Amino acid sequence: MSFETFLVQCLNSLQYGLLLFLVASGLTLIFGIMGVINLAHGSFYMIGAYMAYALAPLVGGGFFTTLALGLVLAVVLGYALEWAFFSFLYEREHLQQVLMTYGLILVFEELRSILVGDDVHGVQAPPWLAGSIPLGDLMTYPVYRLFISGVCLALAGSMWFVLARTRLGMTIRAGATNREMVQSLGIDIQFLYRVVFAAGVAIAVLAGMVAAPVSSVYPGMGNQVLIICFVVVVIGGIGSIRGALLAALLIGFVDTFGKVVFPQAAGVLVYVLMALILLWKPDGLFKAG
Amino acid sequence: MFAWLVMMRSNIVSVLLGGFALALWPLATGSFGVDLVAKTMIYAIVALSLELLVGATGLVCFGQAAFFGLAGYAAVKLSPEGAAASLWWLLPVAMAVGAAYALFMGALSLRTRGVYFIMVTLAFAQMAYYVVHDTPLGGGTDGIYLYVKPVAAIGSTLLIDLDRPLALYYFVFGCLVAVFGFLALLGRSRFGRALAGIRVNEQRMRATGFSTYPYKLAAFVVSGAIAGLAGFLFAVKDGFVNPELLSWHLSGAVLIMIILGGIGHLRGAVIGAFAFALLQEFFKSETIFGGFAKHWLLGLGLAIIVSVALLPRGLIGAGSLLTHRLTRTPRVEA
Amino acid sequence: MSALGVLLRATDVTRRFGGLVAVDRVSLELQRGTVHAVIGTNGAGKSTLINILSGELPASGGSVQLRGTDITRWTQARRARAGVGRSYQRTTIYPTFTVLENCRLAAQARHQRPWAWWADASACAVSVPAARDVAARAGLADVLDRPAGTLSHGQRRQLEIAMCLATAPEVLLLDEPLAGMGAEETERMLALLAELKAVHAIALVEHDMDAVFRIADRITVMVNGAVLASDTPDAVRRNPDVQAAYLGSQQ
């Protein structure tokens, strides 16, 4: 492998890893704050990708307009879903949450099939991001992929900032540990949860939208990303943001290089990684941090 | 006391009635019906294997399809090309494959608990899926065929020829009865009581001197073996295996079966399997839904949401709720 | 004090949680035929100490010995099988099982036989009689068939003790067995403890000072994780440090 190829694969790994980290963060956020395990989180990612495909012609092709519209729709969707469905799951056992959100996956998949069909679609990156930057003498690297990495870092960073450094974040974290206490302080915990959930959905949708030009849009993409997110959480350690980042990057590298070096075993490598890490650390890389 | 006797007897009666109905079913129906119920009975066996983990021990495993599918693949791959394999060794080997993967999965996931445990089991099942889907071991998405079905013979006398649908049906029925009976005995044995104790209060189990990890691992292995039996039967019935047998959708379906029927009861697993099969047939029916039938997963998804929301204790739970209302015996929530 | 009767010995046991020292070099001896009470304010580290002795929590330092054998690294289950019994402050029973089954399952720990999958556990010739015996001693003979979740609070505490005894332990670690009990139930429990004292070595964490001074042969006072005083009840009562730190408000 030439150095340029190696560099390209490294950048690809980084981009994939950061994307996974972003989606996994949304999943962990909802689980950490509301205690709900949401299998349909992958479906939001898929919805984002399909929105990127379906909204672009409607909006007239402006990239950021599409993103903004998608974001608004995502927040509305998240808000409505929390009110209509997820708020009933907070008190339920994990098994029931797993099954009800599994049913939701089926519903979303079929609705997508009915509304948009089962075809695979490509999505164009906006022209001003569609170029490439040179790497060495022979290779170039797509600017858009760097853009994805940047967006993921920015979103994840802002999420961390809001949670760790703002009053809203403090209230949210307090609500996670002691619901009644926060309520008795006069804060509307229902509304807070709705906001957090909408944020989680928006993150997944945005990730799907931003990744669409690179991953294309196809049925089953939601489930795929969901399961890899689970692997991220398992490897990283549940509740640990540090762990999720490290795990996502590890998976990004193993998967990307795996496809190049061991194409026949590519899909399995990530799980082998997981098995090895669990052998070494049964609770994942980091405990709740 | 009287009410308890009534309930007890009605359990045994319902099980016996169900058994008779299944035994007599082929007389009442044609080959499609026989095949459908044979398939459902195989699902009931997987559901029973999962009930041992979820209902008896409290371990919510989202990876049952791995044991099921790997055993099915083993059955096909280990069968000789042109001749019938012998049931005497192929069946135990397939079960052993299921048990072996369960041992592997259990050893690595049992140190975790709660949601984390659910995720880990799902991930390990996906691992098996990708091994079968991507690597040359599995034959890819097309799957592999079983050309000659196994038989059970002593010397040159043919005892069981699984190529004949009726023989297969009754063999599956026999396996279902055997598994049900075994799990019923296991449930009231010391091992089974220990599993129940682990489910209700693992802390107390450890404080009294039970090392709970070996018990949970053993439950995993037994569950894997039983799911492997089902996988073997499925592979033999269809003469074909493909990676979808290890799909997490199958794992999800089995979880739905046991929650639909009622967790904590062996009958629940069987009832749930049949209820799920009925739901599937209902939503797939073109006579009812016309062209919309190809989107049957939508109806199924909604049915899952509604049934888990409204009947968290399943069909049996709904039944027992009714009985308790009628007889007014005190109920203790777990 | 004869070293012959010492069943459980803790030496300089320490437990740290990050920067916090919850148990600070505590040493303790439990002798057969005695009740050794551990008292202290909330947060003094008493329950943590019991958790370390029972094996639920690993010690950060120090050692625990059972009849001379170092059990510091042993799991809780292994210690229980070796004769260390424990009752919990917050009732830890099987609420959906009957009282008899609660005791029987506890007794089964000494006679596990998991491979006999065909044998009905409720016909077990070892665990069933043991369960009946232990339930009777704890005063639960007439509620054997009731689901444990329907018992009164006092009866649940009795069941807690019964389950502790069902494994035929030599050492009893009792975490606030009198918690939430009325006067009559307390008397019954104290009578039971007096009976048990003869055969077992008992560690007793308690807040009920009257009960402690009635039944304890030795008292260890803990403050902020460390031992403030460890002596006979009279000596402890007269100890000025103890009076200042703890007993003053109780008198």
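From a predicted model like this one, the values you see are computed outputs, not experimental measurements. (Residues numbered from 1 in each chain as written. Chains lettered and ligands numbered in written order. Predicted model: local features only at pLDDT ≥ 70, side-chain atom pairs only at ≥ 80, totals over all residues.)

Visitor: Lay out the overall build of chain A in plain terms, naming residues and giving numbers.
Guide: Secondary structure summary: chain A contains eleven helices and two strands in total. In chain A, the succession of helices and strands from N to C terminus is α-α-α-α-β-β-α-α-α-α-α-α-α. Relative to the 2.2 N^0.38 estimate, which gives 19 Å for 289 residues, the radius of gyration of chain A is 19 Å and therefore close to what a compact globule would have. Going through the 289 residues of chain A one by one, you find that 46% of them count as buried. (Helix = DSSP H or I, 4+ residues; strand = E, 2+ residues; numbered from the N terminus. Rg over C-alpha atoms; globule rule 2.2 N^0.38 Å. Buried ≥ 20, exposed ≤ 12 C-beta atoms within 10 Å, placed from the backbone.)

Visitor: An account of the sheet that holds strand β2 (residues 20-31) of chain C is requested, with residue identities and associated values reported.
Guide: Residues and elements named next belong to chain C. Judged by pairing direction, the sheet is antiparallel, and its four strands sit side by side in the order β2-β1-β4-β5 without closing on themselves. Sheet topology places β2 and β5 (69-70) at the edges, where each strand pairs with a single neighbour. Across five bridges, the pairing between strand β1 (residues 6-17) and strand β4 (residues 61-66) is antiparallel. Each residue of the ladder has a partner; that of T14, found in β4, is G61. Contacting β1, β2 and β4, helix α1 (residues 46-54) crosses the sheet at an angle of about 120° to β1. (Pairing = 2+ DSSP bridges. Contact = placed C-beta atoms within 7 Å. Axes fitted to C-alpha atoms, helices over the stretch in contact; angles between N-to-C directions.)

Visitor: Quick rundown of the sheet that holds strand β10 (residues 226-231) of chain C? Include the residues and the values.
Guide: Working definition: the strands of a sheet are paired by backbone hydrogen bonds and lie parallel or antiparallel to each other. All names here are of chain C. Sheet architecture is open: six strands sit in the order β6-β7-β8-β3-β9-β10, paired in mixed fashion. In this open sheet, the two strands that pair with only one neighbour each are β6 (84-87) and β10. Adjacent strand axes in the sheet meet at a mean angle of 15°, parallel and antiparallel pairs treated alike. Taken together, the five bridges between strand β3 (residues 35-40) and strand β9 (residues 218-223) define a ladder with parallel strand orientation. Note that in β9 the partner of A37 across the bridge is I219.

Visitor: Outline unusual backbone geometry, supporting the account with residue identities and numerical values.
Guide: Even without a glycine there, the phi angle at R67 of chain C is positive, about 50°. You can see R67 of chain C is positioned in the loop between β4 and β5.

Visitor: Residues and numbers for the domain arrangement of chain C, please.
Guide: Residue and element names in this part refer to chain C. Parsing chain C into structural domains produces domain 1 (1-83 + 170-251) and domain 2 (93-168). For domain 1 and domain 2, the distance between their C-alpha centres works out to 26 Å. Facing the ten residues of domain 1 at the interface are nine residues of domain 2. Listing elements by their share of the side of domain 1 that touches domain 2, those giving two or more residues are α2 (76-82) and α6 (183-197). Considering each element in turn, the side of domain 1 that touches domain 2 owes the most residues, three residues, to α6. Per-class residue counts for the side of domain 1 that touches domain 2 are five nonpolar, two polar and three charged. (Domains from an automatic or database assignment. Nonpolar A, V, L, I, M, F, W, Y, C, P; charged D, E, K, R; others polar.)

Visitor: Describe helix α3 (residues 63-84) of chain A, and please don't skip the residues or the numbers.
Guide: Residue and element names in this part refer to chain A. The end-to-end C-alpha separation of α3 is 31 Å, in line with the 32 Å expected for 22 residues at 1.5 Å each. T66, L67, G70, A74, G78 and E82 are the residues of α3 that are buried. Here the buried residues of α3 occupy an arc of 120° about the axis, which is enough to place them on one side. Across α3 from its buried face, at more than 90 degrees, point the exposed residues A68, V72 and A84. Next to the buried residues of α3 lie α2 (41-59) and α8 (189-215). (Expected span 1.5 Å × (residues − 1). Arc of directions from axis to C-beta.)

Visitor: Explain the interface of chain C and chain B to me, and be specific about the residues and the numbers.
Guide: Every contact between the two is made by 33 residues of chain C and, on the other side, 23 residues of chain B. Listing elements by their share of the side of chain C that touches chain B, those giving two or more residues are α2 and α3 (99-108) of chain C. The element best represented in the side of chain C that touches chain B is α2 of chain C, accounting for four residues. Here the residues of the side of chain C that touches chain B sort into 18 nonpolar, ten polar and five charged.

Visitor: Can you explain the interface of chain B and chain A? Please cite residues and give values.
Guide: Across the boundary between the two partners, chain B contributes 35 residues, which contact 37 residues of chain A. For the side of chain B that touches chain A, the elements supplying multiple residues, two or more each, are α5 (114-134), α9 (248-261) and α12 (296-310) of chain B. Here the residues of the side of chain B that touches chain A sort into 25 nonpolar, eight polar and two charged.

Visitor: Describe the arrangement of the chains, listing the residues and the values that go with them.
Guide: Here the protein chains form two pairs of chains in contact, of which the pair with the most contacts is chains A and B. At the level of C-alpha atoms, the two units chain A and chain C stay apart, their nearest approach being 13 Å.

Visitor: Please provide a residue-by-residue account of the packing of helix α9 (residues 221-236) of chain A against α5 of chain B, values included.
Guide: In contact at an axis separation of 9 Å, α9 of chain A and α5 of chain B are set at 120° when each is read in the N-to-C sense. On the basis of the axis angle, α9 of chain A is oblique to α5 of chain B. α9 of chain A and α5 of chain B meet at a crossing whose hand is left-handed. Contact residues: I227, F230, V231, V233 and V234 of chain A in α9 of chain A; Y116, M119, V120, L122, A123 and Q126 of chain B in α5 of chain B. Taken together, the residues that form the contact of α9 of chain A with α5 of chain B break down as ten nonpolar, one polar and no charged. (Parallel < 35°, antiparallel > 145°, perpendicular 65-115°, else oblique. Left-handed = near helix turned anticlockwise from the far one by under 90°.)

Visitor: So what's going on with the environment of R146 of chain C? Which residues, and what values?
Guide: All names here are of chain C. Structurally, the position occupied by R146 is in the loop between α4 (127-137) and α5 (153-165). Given 16 C-beta atoms within 10 Å, R146 falls into the partly exposed group. Apart from the residues lying within four places of it in its own chain, the contact partners of R146 are T98, V99 and L151.

Visitor: Give a detailed account of the nonpolar core, specifying residues and quantitative values.
Guide: Soluble, globular proteins show a tendency: their nonpolar side chains are buried together. With 290 residues, the main nonpolar core has V232 of chain A together with I45, A47 and A123 of chain B as its most contacted residues. Here this core takes 17 residues from α8 of chain A, the largest share from any one element. Viewed by domain, this core spans two of them, domain 1 (1-83 + 170-251) and domain 2 (93-168) of chain C, each represented by three or more residues. Setting aside anything within four residues of it in sequence, one finds A47 of chain B in contact with V254, M257, I258, A269, V270, G272 and A273 of chain B. (Core = buried A, V, L, I, M, F, W, Y, C linked by C-beta atoms within 7 Å.)

Visitor: Explain the pairing of strand β7 (residues 171-175) of chain C to me, and be specific about the residues and the numbers.
Guide: All names here are of chain C. With respect to burial, β7 is a largely interior element, five of its five residues being buried. Where burial is concerned, the two faces of β7 agree: the one with V171, L173 and D175 and the one with L172 and L174 are both buried. Where β7 and strand β8 (residues 201-205) come together, five bridges link them in parallel fashion. Looking at β8, one finds that L172 is bridged to I202.

Visitor: For the environment of A219 of chain B, give the residues involved together with the corresponding values.
Guide: Residues and elements named next belong to chain B. Looking at where A219 falls in the secondary structure, it is placed in helix α8 (residues 212-238). Among the residues examined, A219 registers 26 C-beta atoms within 10 Å and is labelled buried. Along the primary structure A219 and L195 are separated by 24 residues, whereas in three dimensions their C-alpha atoms are 8.0 Å apart.

Visitor: Pulling in residues and values, what's your account of the pairing of β4 of chain C?
Guide: Residue and element names in this part refer to chain C. Alignment of β4 against β5, held across two bridges, turns out to be antiparallel. Following the sheet pairing, L66 is matched in β5 by T69. Between β4 and the antiparallel strand that follows it, β5, lie two residues; R67 among them carries a positive phi value of about 50°.

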